[in-house]
Amino acid sequence: MSTIYNFSAGPAVLPKAVLEQARDELVEWHGSGMSVMEMSHRGKEFMGIAAQMEADLRELMGIPANYKVLFLQGGASSQFAMVPMNLLRGKTSADYVNTGEWSGKAIKEAKRYGAVNVVASSADKQFSYAPIQSAWRCDANTAYVHYTPNETIGGVEFHWTPETDEVPLVADMSSNILSKPIDVSRFGLIYAGAQKNIGPAGLTIVIVRDDLIGQAVAGTPTMYDYKTHADNDSMYNTPPTYAMYIAGLVFQLLKREGGLVEMEKCNIAKADLLYGCLDASDFYSSPVARENRSRMNIPFTLKDAALDEAFLKGASQNGLLQLKGHRSVGGMRASIYNAMPIAGVAALVDYMKSFEQQHG
Ligand SMILES: *Cc1c(COP(=O)(O)O)cnc(C)c1O
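Computed from a predicted structure; not experimentally measured. (Residues numbered from 1 in each chain as written. Predicted model: local features only at pLDDT ≥ 70, side-chain atom pairs only at ≥ 80, totals over all residues. Heavy atoms only, no water.)

Undergrad: Teacher, can you tell me more about the domain arrangement of the chain here?
TA: When the parts of a complex come together, some accessible area is lost, and that lost area is often taken as the interface size. Domain annotation of the chain identifies domain 1 (17-256) and domain 2 (258-359). Each of domain 1 and domain 2 has a C-alpha centre, and the two are 27 Å apart. Taken over both partners, the interface formed by domain 1 and domain 2 buries close to 2,000 Å², and the fraction arising from carbon and sulfur atoms is 52%. Summed over the three residues of domain 1 that lose the most area to domain 2, namely I153, H159 and L254, the buried surface amounts to 24% of that side. Our enumeration of links across domain 1 and domain 2 arrives at zero salt bridges. Remark: the boundary between domain 1 and domain 2 carries 17 residue pairs in polar contact (both at pLDDT 80 or more). (Domains from an automatic or database assignment. Buried area = accessible area lost by both parts, 1.4 Å probe. Salt bridge = Lys/Arg side-chain N within 4 Å of Asp/Glu carboxyl O. Polar contact = N/O pair within 3.5 Å; in protein donor to acceptor, adjacent residues only side chain to side chain.)

Rendered as structure tokens:
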């Protein structure tokens, strides 16, 4: 197999070492006579896998003891509803920052449960930047403040954590969780679909401060109440067992590789390499404000959109896959999550330079 680099935004590249280990353990896990897929979620083998995986995630992210970690299904999109259902806690409104597609969807869903106060928006410049906090118009009586630290489609990332004092800060970290160290204690709740920077699709992780649990709005379905899952160690019903197992292998690998401090260094080096290439020519350009450029998802355009198809065709001939931009924005997008090696970014940059020489 020649070297292939997969720049998909999600489901996305997984570490090769993890896939190989999963392959070796696929049919029979550790002499158990079973595949992880065949195990009861309440059996001692899987309970062990789940406990180790949670402990490793807690260690990697430095999750304080007063936070629950929930392993759910339903994707980040279900959290767009679960967050307001659980966190409004008798208040009538919540604050949201609108920085693009994903915050827009979160806002739309939250409006079904209460009033949404859009405290800041980057709609004025096609969602190409993250509004600075001094421009946010927060409501003192809000239930929580929600933002999207990395807009996966627009490629806009907050490189700072908002300060909301006593008001719980809620973050959709689907596409930049585990990409760098963060101070979890600054957040009331963090959620992320696994299929970007954690593992396979089907697993959604929620990290929630325990005093925010247990006050869901009347009528909340049992499965949409965080308390159900917190009280049952995410085993009220069947959790996504195989996806949890793979995520656990990813966590072990991240620990072996030096944890999130090391991840951040690698992610900075990869992003610098690609942005350096974009900045060095007029042939390519980035639509995102410099200080908010994402390290995970890097959209870029060619000088002449008529060349897009030739660019993508040549890229795939060179083993560089899934570079087509999101249908809503066009152009290209390279997603370079933790599992993308720097050699993949270097191969992309080499290809971009040679394409420019031919067509520039
Ligand atoms: C992918 C993504 C989502 C949607 O995730 P699903 O798991 O498909 O529901 C939500 N928010 C962000 C920031 C994303 O990148």
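Undergrad: What is the right way to read the side chain of S234 from this model?
TA: Structurally, S234 is set in the loop between α5 (226-231) and α6 (241-256). When its relative accessible area of 4% is taken as the criterion, S234 is described as buried. From its side chain, S234 meets the backbone nitrogen of F71 in a polar contact 2.9 Å long. Residues in contact with S234, not counting those within four places in the same chain, are V69, L70, F71, H229 and P239. (Helix = DSSP H or I, 4+ residues; strand = E, 2+ residues; numbered from the N terminus. Buried < 20%, exposed > 50% of the residue type's maximum accessible area, 1.4 Å probe, protein only. Contact = heavy atoms within 4.5 Å.)

Undergrad: Would you take a moment to explain unusual backbone geometry for this structure?
TA: Phi is mostly negative for residues that are not glycine, and the peptide bonds are mostly trans. In the segment running from G10 into P11, the intervening peptide bond is cis, with an omega of -10°. Along the chain, P11 falls in the loop between β1 (5-6) and α1 (16-24). You will see that F127, though not glycine, has its phi angle at about 55°, which is positive. With respect to the secondary-structure elements, F127 resides in the loop between β4 (115-121) and β5 (145-147). Classification of F127 by relative accessible area gives partly exposed; the value is 28%. At L178, a residue that is not glycine, the phi angle is positive and equals roughly 70°.

Undergrad: What is the right way to look at the packing of helix α2 (residues 44-61) against α6 in this model?
TA: Any two packed helices are characterised by the angle at which their axes cross and by the distance between the axes. Following both chains from N to C, one finds α2 and α6 inclined at 45°, their axes separated by 9 Å at the closest point. Of the possible angle classes, the one that applies to α2 and α6 is oblique. In this structure, the crossing between α2 and α6 has a hand that is left-handed. Here F46, I49, A50, Q52, M53, D56, L57, E59 and L60 of α2 come into contact with α6, specifically with T241, M244, Y245, A247, G248, F251, Q252, L254 and K255. (Axes fitted to C-alpha atoms, helices over the stretch in contact; angles between N-to-C directions. Parallel < 35°, antiparallel > 145°, perpendicular 65-115°, else oblique. Left-handed = near helix turned anticlockwise from the far one by under 90°.)

Undergrad: Sorry if this is basic, but what is going on with the sheet that holds strand β11 (residues 284-285) here?
TA: Within a beta sheet, neighbouring strands are joined by backbone hydrogen bonds and run either parallel or antiparallel to one another. As summarised here, the arrangement of the three strands in space is β11-β12-β14, forming an open sheet in which the pairing is antiparallel. Each edge of the open sheet carries a strand with a single partner, namely β11 and β14 (332-335). As paired strands, strand β12 (residues 297-302) and β14 are joined by four bridges and run antiparallel to one another. Note on β14: the bridge partner recorded for N297 is S335. (Pairing = 2+ DSSP bridges.)

Undergrad: Please clarify how the pattern of salt bridges should be interpreted in this entry.
TA: Should the charged atoms of two oppositely charged side chains come close, the side chains can pair. Applying the stated rule across the entire model yields 14 salt bridges. Across the pair K180 and E157 runs a salt bridge, and its minimum N-O distance is 3.2 Å. Taken together, the residues span a long stretch of sequence, with K180 in the loop between β8 (169-172) and β9 (189-193) and E157 in strand β7 (residues 156-157) at a distance of 23 residues. Judged by relative accessible area, which is 1%, E157 ranks as buried. A salt bridge links R290 to D279; the shortest N-O distance between them is 3.4 Å.

Undergrad: Could you clarify how one ought to interpret the site of the ligand in this entry?
TA: Lining the immediate environment of the ligand, one finds 13 residues, of which S77, T152, D172, Q195 and K196 sit closest. At a separation of 2.4 Å, an oxygen atom of the ligand approaches a polar side-chain atom of T152. Taken by itself the ligand offers 390 Å² of open surface, and the protein chains cover 86% of this. It is helix α3 (residues 75-87) that provides the largest number of residues to the shell around the ligand, a total of four residues. Considering only residue class, the shell around the ligand consists of three nonpolar, eight polar and two charged. (Near = heavy atom within 4 Å. Areas by Shrake-Rupley, 256 points an atom, 1.4 Å probe, with all protein chains shown as cover. Nonpolar A, V, L, I, M, F, W, Y, C, P; charged D, E, K, R; others polar.)

Undergrad: Sorry if this is basic, but what is going on with the sheet that holds strand β2 (residues 67-72) here?
TA: The strand order across the open sheet built from seven strands is β2-β10-β9-β8-β5-β3-β4, with neighbouring strands paired in mixed fashion. In this open sheet, the two edge strands, each paired with only one partner strand, are β2 and β4. For this sheet, the mean angle separating the axes of adjacent strands, direction not counted, is 20°. Bridge count for β2 against strand β10 (residues 204-209) is six bridges, and the pairing is antiparallel. Of the residues in β10, the one forming a bridge with Y67 is R209.

Undergrad: Would you mind going over the side chain of R333 with me for this structure?
TA: Its place among the elements puts R333 in strand β14. Here R333 occupies a buried position and makes no salt bridge, while the nearest side chain of opposite charge, E151, is found at 8.8 Å. Only 2.7 Å separates the side chain of R333 from the backbone oxygen of T152, close enough to count as a polar contact. Leave out the neighbours within four places in its chain, and R333 touches F7, A9, T152, I153, N297, I298, P299, Q322, L323, K324, G325 and H326. (Lys, Arg positive; Asp, Glu negative; His and termini not counted.)

Undergrad: Where do I start with the layout of surface pockets in this structure?
TA: In this approach a probe as big as a water molecule rolls over the atoms, and the regions it shows empty are the leftover space. Of the pockets and cavities examined, the largest pocket occupies roughly 720 Å³. Lining the largest pocket are 30 residues, with L14, P15, K16, A339 and P341 positioned closest to its centre. Those elements giving two or more residues to the lining of the largest pocket turn out to be β1, α1, α6 and α7 (259-279). In terms of residue count, α7 provides more of the lining of the largest pocket than any other element does, four residues in total. (1 Å grid on protein atoms, 1.4 Å probe; cavity = no way out; pocket = protein on both sides within 12 Å on 5 of 7 lines; lining within 4 Å. Points joined across faces, edges and corners; volume = space filled by probe spheres on them.)

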